[in-house]
Amino acid sequence: MKESINGTVWKDINGNPIHAHGGWILFHGGWYYWYGEDRRERYYVSCYRSRNLRDWEFRRHILTMDSRMEAYRVRTKLQLQNEDGGKVNLERPKVLFNEKTGKFVLWAHFENGRDYTAAAAAVATCDTPDGDFTYHGHFNPYGYMSRDCTLFQDDDGTAYFISAARDNADLHVYRLTDDYMNVERLVHRLWQGEYREAPAVAKIKGRYYMLTSFCTGWEPNQAKYAWADAIEGRWSCLLEIGDETTYHSQPAFLLQKDGRTLYFGDRWGGDGEAYFSSSYVVYPLELTEGRLAIKPVEEIWL
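Residues numbered from 1 in each chain as written. Predicted model: local features only at pLDDT ≥ 70, side-chain atom pairs only at ≥ 80, totals over all residues. Heavy atoms only, no water.

J.: With reference to specific residues and values, describe unusual backbone geometry.
T.: Glycine aside, residues mostly have negative phi, and peptide bonds are mostly found in the trans state. One non-glycine residue, Ala 119, adopts positive backbone phi at about 45°. Here Ala 119 lies in the loop between β7 (103–111) and β8 (120–126). (Helix = DSSP H or I, 4+ residues; strand = E, 2+ residues; numbered from the N terminus.)

J.: So, the nonpolar core: which residues are in play, and what are the values?
T.: Ranked by size, the top nonpolar core spans 61 residues in total, and within it Ile 25, Trp 34, Tyr 35, Leu 63, Leu 106, Trp 107 and Phe 133 carry the most contacts. Sequence-distant contacts of Ile 25, that is, excluding residues within four places in its chain, are made with Tyr 32, Tyr 33, Trp 34, Leu 53, Trp 56, Phe 253, Leu 255 and Phe 264. Core analysis: the next-biggest nonpolar cluster, separate from the first, contains 17 residues, Ala 164, Val 173, Tyr 208 and Met 210 among them. (Core = buried A, V, L, I, M, F, W, Y, C linked by side-chain atoms within 4.5 Å. Buried < 20%, exposed > 50% of the residue type's maximum accessible area, 1.4 Å probe, protein only. Contact = heavy atoms within 4.5 Å.)

J.: Outline the sheet that holds strand β20 (residues 279–288), listing residues and values.
T.: Spatial ordering of the open sheet is given by β18-β19-β20-β21, a layout of four strands whose pairing is antiparallel. Because the sheet does not close on itself, it has two edges, and the strands there are β18 (250–257) and β21 (291–294). Within the sheet, the average angular offset between the axes of one strand and its neighbour, ignoring direction, is 30°. Of the strand pairs in this sheet, β20 and β21 are connected by four bridges, and their pairing is antiparallel. Bridging from a neighbouring strand, Leu 287 pairs with Leu 292 of β21. (Pairing = 2+ DSSP bridges. Axes fitted to C-alpha atoms, helices over the stretch in contact; angles between N-to-C directions.)

J.: Break down the pattern of salt bridges for me, with residues and values.
T.: A complete count under the given rule lists 24 salt bridges for this structure. Close ionic contact of Asp 127 with Lys 103 constitutes a salt bridge, the shortest N to O distance being 2.7 Å. Of the two residues, Asp 127 is situated in the loop between β8 and β9 (134–139) and Lys 103 in strand β7; the sequence distance between them amounts to 24 residues. Overall, the relative accessible area of 53% leaves Asp 127 in the exposed class. On the accessibility criterion, Lys 103 (31% relative accessible area) is partly exposed. One continuous salt-bridge network, built from bridges that share partners, spans Arg 49, Glu 57, Arg 59 and Asp 130. (Salt bridge = Lys/Arg side-chain N within 4 Å of Asp/Glu carboxyl O.)

J.: Give me the lowdown on the pairing of strand β2 (residues 21–28), citing residues and values where you can.
T.: Summarising burial for β2: six of the eight residues are buried, a large majority. Here β2 runs beside strand β3 (residues 31–37); their pairing, made up of six bridges, is antiparallel. By the bridge assignment, Trp 24 is partnered in β3 with Tyr 35. A loop of two residues connects β2 with β3, the two strands running antiparallel in sequence, and Gly 29 in this loop sits at a positive phi of about 60°.

It is worth stressing that arrangement in space is one thing and function is another; only the former is reported here.
Below you can see the structure in the form of C-alpha cells.
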C-alpha cells in the first residue's frame, strides 16, 4: 500500500492487524523496527519490520510470559507473571541500540497486572533487534514511581529515560549509564503538579521538543509541548498543540525521516476487549518561527 488511513486498523503484509500499541520505531541496518504492546494470549511486546514504513512484516513476540529472565548488576525483581500466575503489564516499550555494547536495550513501564501500584521501569536486552529479548526485571529509579515512559538518544550517544513520577504529577528525566542498563543521574523533575504522561521527544533544527498528554485514562485530551536548547538544560513552560483531543490521539513517539518529523499517536479503543480495536495515526509536525504544530491529515504518505 502507498498510504495509511489514520485511525483505521493497520495490517501487516500477511493481512493481520498490527499490534504495536504505545510503541516505538527504531531504524537500524536499513530496516525500521516497530515495537509495541500486544496484550493477547501470553504476549507482551511485538516486533515488526519494514524497509519503507508501509509494508510491515511481523517478526516475533520479543517478550512474553515465557521469556528468559536474567539478573544483572542492578537489583531488580524478575517477574513476568504475577503471584496468581496471571499476566503483568509491560507498557510503552522503547528500544535503543547501544554502539558500545552491541546490545539492543528495551525499557518499558511495568505493572503487576492487577493495579497500578508497582509503577516501575523494566529493562530487557537482545543481540539482535528482532530476537528473543532477555528480561532483566523491574525497579523504581532512585525509589521513585515510574509510569508512562520514553527513551531519547542524543547525537553523541548519550541516552535518557523519561517517565511520569509521583502518581503522574511530575515528569522525570534520567540520564542513562553508558551501557543504557541503569539510570546514572536524575537530571530533571519537570512541570510539577501538571500531571503529564505519554512523553515523546525529538531534536528538530538543533532544539529539543517534548510532547506529552494530560491524564484522562483512555480518552484523548489536549496535548502540550515544551522545548529546550539542551536535554539537561532549562525547559520552557508547556504550550498547547493540536486541538482539544490532539485529533483523537495520544502521543506514542516522534520519528524523523527525510527531513520530516512525524508524530505517531495511538487512537485507543478503550479498556477490555475494546483495547484490541485500538489504531494509529501519523501526523506531520511543522515548525514555524519556533512554534510547533501538528498537521492533521486523513491519509499519511510515508
